[in-house]
Amino acid sequence: MSVVPEYRGPFGKQQAERLLWRAGFGGRAGEAEALTKLGMKHAVHALTRPAPYQLVGPAPHDERNRPLAPVDAFGHDHLAWLDRMVRTNAPMVERMTLVWHDWFATSNQGVASQQLMLNQVDMFRGNALGSFKDLLVNVTQDPAMLVWLNGNQNVKGKPNENYGREMMELFTLGANRGAYTEIDVREQARALTGWRGSVVNRQPTAFTFDATRHDATDKTIFGKTGNYAWQDSCQLCLDHPMHASYFVTKLWSYFIPTAPDPPTLEALTTLYAGNRVRPVVEAILAHPDFYDGPRMVKPPVVLNAGLLRMSKRYIDTSAWWSLSAQAGQQLFYPPDVGGWDDTRWLDTATFRARWIIAAIVQGADTPTDSPADPMRLTQRAIQFWGSPTVTATTQKLLESFARAQLKRNARPGDVETAVRRLVASSPDLQTA
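Residues numbered from 1 in each chain as written. Predicted model: local features only at pLDDT ≥ 70, side-chain atom pairs only at ≥ 80, totals over all residues. Heavy atoms only, no water.

A. Representation of the environment of Ala-381. Along the chain, Ala-381 falls in helix 20 (residues 374–384). Sequence separation between Ala-381 and Val-415 is 34 residues; the distance between their C-alpha atoms is 9.6 Å. If we skip the residues at most four places from it in the chain, Ala-381 touches Glu-416, Val-419, Arg-420 and Val-423. (Helix = DSSP H or I, 4+ residues; strand = E, 2+ residues; numbered from the N terminus. Contact = heavy atoms within 4.5 Å.)

In structure tokens, the structure reads:
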């Protein structure tokens, strides 16, 4: 049996920072240094096997000091989840919840019930690193998904193919791999019949399985014939010989931008026995490609949460949901069932919102004790963000900018404010 390769290089601050960003939302001041003392393997386990979940810090509120209303107020669902990302003691749980939100992408644009969307994300959170089988079974009967992909309109004699197709194409097997046929799509749709429930004026009715709406005759799926029900649809996909390789490859892509080599893919596929998520995640986070490979652009909400954590700021304005939307990622509103396109995170339209996010996190207060020395001023600006690793090239460019502004008799406080924002907007913090 092949073994997943494990990183053997140095595990210093830079490696710990990458781990914190890709498996969470960055670290507060000193967290990366603390992880380095654990060593790579124990650092990974500190994230994947956290202490009992809790939120630390002041409760979220809007700019008028009013508590959030995530079920009722538009955008407050985003704010409530962002608050969890900022205050949680288990960032890997929230990051995996975000992975599943993208994997099983469901949008309130079609569901029209913030309560159902919040319930779905709670379900993802409760099984963030557990069993993929449980996730698939739960999402197949989840009211938000039933509305989003018309499972509540899938009835005997008039099957709706939407969920059956996406369950195979996006959730379990992958497109253009020869894993299923149009016959399988139609037969899966028949097996998935029977659910009822709806959202009326944004209020959900009861979602139940109604046997009278279910097609209880034989279906032939993947060449096998039986009187399959909706649970069988899930299990047939999980038992398909092409599921494991699809699962580990897709999961890998959330943490490493280059594809796994064949031996790694084979080893991860073997490790995925029993549909267990945590062992595969831990192996990916310990893989050499995770630390030696190219950098990844941080998704907008990850950057937003991370900057708040680094600056020790909490949710105190409703601006975050609209700015995140402008940056390309509003929670609970993925663009389609395929989720967000992470190759489009940075462009001329979305980067402006990233700059504004950094500016608002930094705050309106101008330092009154800024030094007039460009080097010291730049160091202070970096320290404002908890002293993250900044390359020598970036640091020289920041110092050059500060020097030029000071020569123009700009106030040191204004220059430091600008440099703080440039630090947050640099490639060093926009990627990990």
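B. The pattern of salt bridges, seen in detail. Per the counting criterion, the structure on display carries 20 salt bridges. One salt bridge connects Glu-282 with Arg-49, and the closest N-O pair in it is separated by 2.8 Å. Residue Glu-282 is found in helix 15 (residues 278–285), and its partner Arg-49 is found in the loop between helix 3 (40–48) and helix 4 (76–87); the two are separated by 233 residues along the sequence. With a shortest N-O distance of 2.8 Å, Arg-66 and Asp-62 are connected by a salt bridge. Given a relative accessible area of 3%, Asp-62 falls into the buried group. Beyond isolated ion pairs, a larger network of salt bridges with shared partners links Arg-84, Glu-94, Asp-122 and Arg-125. (Salt bridge = Lys/Arg side-chain N within 4 Å of Asp/Glu carboxyl O. Buried < 20%, exposed > 50% of the residue type's maximum accessible area, 1.4 Å probe, protein only.)

C. Region of interest: the packing of aromatic side chains. Inspection of every chain in the model, using the stated rule, returns 21 aromatic pairs. Measuring from ring centre to ring centre gives 5.4 Å for Trp-103 and Phe-247, while their planes differ by 45°; the resulting arrangement is tilted. Taken together, the residues span a long stretch of sequence, with Trp-103 in helix 5 (residues 91–103) and Phe-247 in helix 13 (residues 243–253) at a distance of 144 residues. The same class applies to Trp-103 as to Phe-247, namely buried. Here the guanidinium or amino end of Arg-22 rests over the ring plane of Phe-290, the centre of that ring lying 5.3 Å away. Between Lys-298 and the ring centre of Trp-21, over which it is positioned, the NZ or CZ distance is 3.4 Å. (Phe/Tyr/Trp six-rings, centres within 6.5 Å; stacked < 30°, edge-to-face > 60°. Lys NZ or Arg CZ within 6 Å of the ring centre and 35° of its normal.)

D. Molecular detail of the side chain of Arg-354. By the element assignment, Arg-354 lies in helix 19 (residues 351–362). Nearest to the buried, unbridged Arg-354 among oppositely charged side chains is Asp-347, at 8.1 Å. A polar contact of 2.6 Å, which involves the side chain of Arg-354, links it to the side chain of Gln-430. With sequence-adjacent residues up to four places away left out, Arg-354 is seen in contact with Val-297, Lys-298, Pro-299, Pro-300, Leu-303, Ala-327, Trp-345, Leu-346 and Gln-430. (Lys, Arg positive; Asp, Glu negative; His and termini not counted. Polar contact = N/O pair within 3.5 Å; in protein donor to acceptor, adjacent residues only side chain to side chain.)

E. Spotlight on helix 14 (residues 262–271). Within helix 14 the residues assigned to the buried category are Thr-264, Ala-267 and Leu-268. Burial along helix 14 is one-sided: seen end-on, the buried residues are contained in an arc of 100°. Where the residues of helix 14 are buried, they touch helix 13 and helix 15. Sitting at the amino-terminal end of helix 14 is Asp-261, which places a side-chain oxygen 2.8 Å from the backbone nitrogen of Thr-264. (Arc of directions from axis to C-beta.)

F. Molecular detail of unusual backbone geometry. Notably, Asn-150 is not glycine yet its phi reads approximately 65°, a positive angle. Assignment of secondary structure puts Asn-150 in the loop between helix 9 (143–148) and helix 10 (162–172). Exposure remark for Asn-150: the relative accessible area of 18% places this residue in the buried category. A positive phi is found at Asn-409, a non-glycine position, where the angle reads about 65°. Positionally, Asn-409 belongs in the loop between helix 21 (392–407) and helix 22 (412–425). Overall, Asn-409 belongs to the exposed group, its relative accessible area being 69%.

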